[in-house]
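Residues per chain, in single letters:
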Amino acid sequence: MPGVSALVCTYAGDDADYLAEALQSLRAQTRPPDEIVIVEDGPVTPAIAETIEHFQRTSEIPVNRTAHDENRGHGAARATAVSTATHELIAIQDADDISVPERIERSLLKLTETGADLVGGYIEEFESDIGEPHAVRTVPCEQHAIEQMAPLRNPINHTTVLARRDAILAAGSYRAVGQMEDYELWARMLTRNDTLVNVPVVLAKVRAGEAMYHRRGGLEHMKEEARLQRHFAEIGFVSRPRAAVNFVVRSVPKLVPSRLRGWLYRTFFRE
């Protein structure tokens, strides 16, 4: 069976307790990763440093730790993680999310059965109590349905991804494109005819309260959206008219108050 490198990127703005829970969820997998790559994107807080050091001391899973001298953003940190990984498969773990115990086992089975280049799954969203979820973000599972959804909305829940490292690198890996580095990468993979599939089960528990919806708004986020849609048109992922429509449709939630934005995302921007 191919080896799995779990990739965790963190920075000074993360919560150390949430990071500890994220790392522990990898340690508790029914099929644990063969290594955990931790990338510190710039200097981190003493609490985060202690969390990582404690995990290194106590984890039976090898930890491969690297750091950037300065904060370079999500895309650059994840590109470093991919290049640092030493195994054939990579599992993405966000620093404040929790993988369900069977996550890697289920994804590895699907990847083996289908020969896919990338496997994702559903996420369950909660605000403060993991036992009280308020939503599930489902995504299409078959390649053709993913291709249909992808031009308008991200068809992959990032923190559930298990992918072939060579496929990620062949597509150009992660790039610095604001907060949408994952969506942009999936677009490039789809234009290469890589195979992306999802399993119809929850693979991760995700913190998704008002703070998250607040971060998704504002003019800067609209500028990122404009850059993303322009890029999609340049690489032939969407036509220029479709890119213009996408920009308008996807920009509406960014202009409204965060509480209403959360309702719009939960109601209209999920499968």
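Anything mentioned here points back to the structure above.
What you see is a predicted model, and the numbers here were worked out from it, not measured in a lab.

Calculation rules
Residues numbered from 1 in each chain as written. Predicted model: local features only at pLDDT ≥ 70, side-chain atom pairs only at ≥ 80, totals over all residues. Heavy atoms only, no water. Helix = DSSP H or I, 4+ residues; strand = E, 2+ residues; numbered from the N terminus. Buried < 20%, exposed > 50% of the residue type's maximum accessible area, 1.4 Å probe, protein only. Contact = heavy atoms within 4.5 Å. Areas by Shrake-Rupley, 256 points an atom, 1.4 Å probe, with all protein chains shown as cover. Pairing = 2+ DSSP bridges. Core = buried A, V, L, I, M, F, W, Y, C linked by side-chain atoms within 4.5 Å. Polar contact = N/O pair within 3.5 Å; in protein donor to acceptor, adjacent residues only side chain to side chain.

Q: Could you give an account of the overall build of the protein, naming the residues involved and the relevant values?
A: When you go through the protein residue by residue, the secondary structure sums to eleven helices and nine strands. In the protein, which comprises 271 residues, the share counted as buried stands at 54%. Taking contacts inside the protein between residues at least 6 apart in sequence as the whole, the part at least 24 apart equals 77%. Surface accessibility of the protein: about 11,900 Å² in total, with carbon and sulfur atoms responsible for 52%.

Q: Give a detailed account of the pairing of strand 4 (residues 89–93), specifying residues and quantitative values.
A: Burial analysis of strand 4 places five of its five residues in the buried class, the great majority of the element. Burial along strand 4 is two-sided: the residues Leu-89, Ala-91 and Gln-93 and Ile-90 and Ile-92 are all buried. Looking at chain direction, strand 1 (residues 4–10) and strand 4 are connected through five bridges and run parallel. Residue pairing across strands places Ala-6 opposite Ala-91, the latter belonging to strand 4. Two strands pair when backbone bridges link them, and strand 4 and strand 8 (residues 162–164) are joined in this way by three bridges, in the antiparallel orientation. Of the residues in strand 8, the one forming a bridge with Ala-91 is Leu-162.

Q: Tell me about the nonpolar core, residues and numbers included.
A: Ranked by internal contacts, the top residues of the largest apolar core, which has 34 residues, are Leu-7, Leu-118, Trp-186, Met-189 and Leu-196. Only strand 1, strand 2 (35–40), helix 3 (74–84), strand 4, helix 6 (165–170), helix 7 (181–191) and helix 9 (219–234) provide two or more residues apiece to this core. For this core, the leading source of residues is helix 7, giving six residues. With sequence-adjacent residues up to four places away left out, Trp-186 is seen in contact with Leu-118, Asn-154, Ile-156, His-158, Val-161, Tyr-174 and Leu-196. Ranked by size, the runner-up nonpolar core spans 27 residues in total, among them Leu-26, Ile-48, Phe-55 and Leu-203.

Q: Can you explain the side chain of Asp-94? Please cite residues and give values.
A: By the secondary structure assignment, Asp-94 is in the loop between strand 4 and strand 5 (98–99). For Asp-94, a relative accessible area of 17% gives the class buried. A polar side-chain atom of Asp-94 sits 2.8 Å from a polar atom in the side chain of Arg-78. If we ignore the near neighbours within four places in the chain, the residues touching Asp-94 are Ala-22, Arg-78, His-158 and Thr-159.

In short, shape yes, function no, at least from these values alone.
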